[in-house]
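Residue strings, one per chain:
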Amino acid sequence: MGATRSRPAEDEDTDTQVSSGRTRWWVVALILGLPALLVVGFLVMVAIWVLADDSSESEQRPPRAAQVSVQATSAASAM
């Protein structure tokens, strides 16, 4: 019969220690999840920026026809 290996007593007392060869899944999740959250957040912000209605810009600028007529009258008055 084969001998069984027992874990040392100090490993059983602490929850933070992980035996060698075990994966710390919270580290893997942090490494993969944080950049993914940053990229998704950036894409959402860009989509909101592109799709947002910017009505204040149209209120500040006069229509193009008004700009042309102002330029035409100022050129005519300069002659």
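Residues numbered from 1 in each chain as written. Predicted model: local features only at pLDDT ≥ 70, side-chain atom pairs only at ≥ 80, totals over all residues. Heavy atoms only, no water.

### Notes on the overall build of the protein
In terms of helices and strands, the protein carries four helices and zero strands. Starting at the N terminus and walking to the C terminus, you meet the elements of the protein as α-α-α-α. Out of the 79 residues in the protein, the part that is buried amounts to 0%. With the model as given, the accessible surface of the protein reaches about 7900 Å², and the carbon-plus-sulfur share is 63%. (Helix = DSSP H or I, 4+ residues; strand = E, 2+ residues; numbered from the N terminus. Buried < 20%, exposed > 50% of the residue type's maximum accessible area, 1.4 Å probe, protein only. Areas by Shrake-Rupley, 256 points an atom, 1.4 Å probe, with all protein chains shown as cover.)

### Examining the confidence of the model for the protein
Averaged over every residue, the pLDDT of the protein is 74; residues scoring 70 or more account for 44%. Taking the mean pLDDT of every element in the protein, the minimum, 53, falls on helix α1 (residues 9-13) and the maximum, 94, on helix α2 (residues 25-51). (pLDDT = per-residue confidence, 0-100.)

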